[in-house]
Amino acid sequence: MPVPTSAPTEHQLLRDTVRQKIHEAIMDGTLEPGERLNDDELISWLGVSRTPIREALSQLARAGLIEMAPNRYTRVTTPDPSEVIEAMQTLGVLFGGVVRLAVPRLTTASRKKILAALDRTIGELESHDVAAVNTDALGVFALYVSECGNPNLQRVCVDTMDGLAFRLRLPNLDQLVDWDRMTEDFRVLRTATADGDNVAAELATEAIHQLPGEKR
């Protein structure tokens, strides 16, 4: 039998727009870690009613970007140094598979774009620009996600990677992980991507994200 289809309602579209605006404000630092989010201020800023705002905040809480305690607070998540390795390893499990799928599929143009992003991140690692690495390293793997060709995996990554990566945005990240080892692992990832070696690229990605295994 035919399956009825329906377009998204105006309410759904409004909720998604609100979520995207708050998400962008968190990721670009406009809304800082630990900052409390007041409904009335959000209503004034976004020009919408309370309902889509609360729905958007609930979605962002599930993604890990917002912390909510009923009748107490709604605030931007504050990264916790004790969660760094756990968050990195979770990303490594996701991104390892993504990279293994993506590398054989890369066109000349997409490979060039990813290599340029890797060069930028490697340069930031070498110059110890922690703030830039906190932002740009996620962007590198987002490029692989867009090229992996697996919609289910892409959906999982989109739903989870920002919240996990946000937990790594610490000014002393270089003191919590082996920075020199990570720099070398990014170089290995670049070489493997350039050579089209998806297994080596997957292993380098897992090493970057602190997953245990034999080091090259």
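Refer to the structure above for everything that follows.
Undergrad: I would appreciate a short explanation of the overall build of the protein in the present structure.
TA: A count of helical and extended segments in the protein gives ten helices and two strands. Counting from the amino terminus, the protein carries its helices and strands in the arrangement α-α-α-β-β-α-α-α-α-α-α-α. Over its C-alpha trace the protein gives a radius of gyration of 19 Å, about what one expects of a compact globule, namely 17 Å for 216 residues. By principal-axis analysis of the C-alpha atoms, the protein measures approximately 55 × 55 × 25 Å. Taken over 216 residues, the protein has a buried fraction of 44%.

Undergrad: Just to check I follow, could you spell out empty space enclosed by the protein for this structure?
TA: The gaps left among the atoms become clear once a water-sized probe is rolled over them. Applying the stated rule across the entire model yields one cavity of 30 Å³ or more. Taken as a whole, the largest cavity spans an internal volume of roughly 190 Å³. Val133, Ala137, Leu138, Leu168 and His209 are, among the 15 residues lining the largest cavity, the residues nearest its centre. Breaking the lining of the largest cavity down by element, the ones donating at least two residues are helix H4 (84–102), helix H6 (130–147) and helix H9 (179–195).

Undergrad: Explain the nonpolar core here, please?
TA: One recurring pattern in soluble globular proteins: nonpolar side chains tend to sit buried together. Core analysis: the largest hydrophobic core is formed by 62 residues, its most contacted members being Ile22, Ile26, Leu118, Phe141, Tyr144, Phe186 and Leu189. The residues touching isoleucine 26, leaving out its near neighbours within four places in the chain, are Leu31, Leu65, Ile66, Val76, Phe166 and Arg169.

Undergrad: Explanation requested: the packing of aromatic side chains in the structure shown.
TA: How two aromatic rings sit relative to each other is set out by the distance from centre to centre and by the angle between their planes. Taken as a whole and assessed by the stated rule, the structure comprises three aromatic pairs. With a centroid separation of 6.1 Å and 50 degrees between ring planes, the pair formed by phenylalanine 141 and phenylalanine 186 is classed as tilted. Linking phenylalanine 141 in helix H6 with phenylalanine 186 in helix H9, this pair joins segments that are 45 residues apart in sequence. Phenylalanine 186 carries the same exposure label as phenylalanine 141, and that label is buried.

Undergrad: Help me out: how do you make sense of helix H5 (residues 108–126) in this one?
TA: It helps to recall that an α-helix has 3.6 residues per turn; residues three or four apart then point in one direction. Taking 1.5 Å of rise per residue, 19 residues should cover 27 Å, and H5 covers 27 Å from first to last C-alpha, within 8% of that figure. Of the surrounding elements, those touching the buried residues of H5 are H6 and H9. Following H5 by one or two positions, histidine 128 adopts a phi angle in the positive range, close to 60 degrees.

Undergrad: I tried to follow H4 on my own but got confused; where do I start?
TA: With 19 residues, H4 should reach 27 Å at 1.5 Å per residue; the first-to-last C-alpha distance of 26 Å fits that figure. Those residues of H4 that sit buried are Val84, Ala87, Met88, Leu91, Gly92, Leu94, Phe95, Gly96, Val98, Val99 and Ala102.

Undergrad: Explain the pattern of salt bridges here, please?
TA: Pairing between side chains of opposite charge can happen when the charged atoms of each approach one another. Here the structure, examined in full by the defined rule, presents 13 salt bridges. With a shortest N-O distance of 3.0 Å, glutamate 202 and arginine 100 are connected by a salt bridge. With glutamate 202 in helix H10 (residues 198–208) and arginine 100 in helix H4, the pair connects residues that are 102 residues apart, well separated along the chain. Judged by relative accessible area, glutamate 202 falls into the buried class, the value being 13%. For glutamate 126, the salt bridge goes to arginine 187, with nearest N and O atoms at 2.9 Å. In this pair, glutamate 126 is assigned in helix H5 and arginine 187 in helix H9, connecting sequence segments 61 residues apart.

Undergrad: Is there a simple way to think about the environment of alanine 61 in this case?
TA: Note on placement: alanine 61 falls in helix H3 (residues 50–63). Its relative accessible area of 25% is what places alanine 61 among the partly exposed residues.

Calculation rules
- Residues numbered from 1 in each chain as written.
- Predicted model: local features only at pLDDT ≥ 70, side-chain atom pairs only at ≥ 80, totals over all residues.
- Heavy atoms only, no water.
- Helix = DSSP H or I, 4+ residues; strand = E, 2+ residues; numbered from the N terminus.
- Rg over C-alpha atoms; globule rule 2.2 N^0.38 Å.
- Buried < 20%, exposed > 50% of the residue type's maximum accessible area, 1.4 Å probe, protein only.
- 1 Å grid on protein atoms, 1.4 Å probe; cavity = no way out; pocket = protein on both sides within 12 Å on 5 of 7 lines; lining within 4 Å.
- Points joined across faces, edges and corners; volume = space filled by probe spheres on them.
- Core = buried A, V, L, I, M, F, W, Y, C linked by side-chain atoms within 4.5 Å.
- Contact = heavy atoms within 4.5 Å.
- Phe/Tyr/Trp six-rings, centres within 6.5 Å; stacked < 30°, edge-to-face > 60°.
- Expected span 1.5 Å × (residues − 1).
- Salt bridge = Lys/Arg side-chain N within 4 Å of Asp/Glu carboxyl O.

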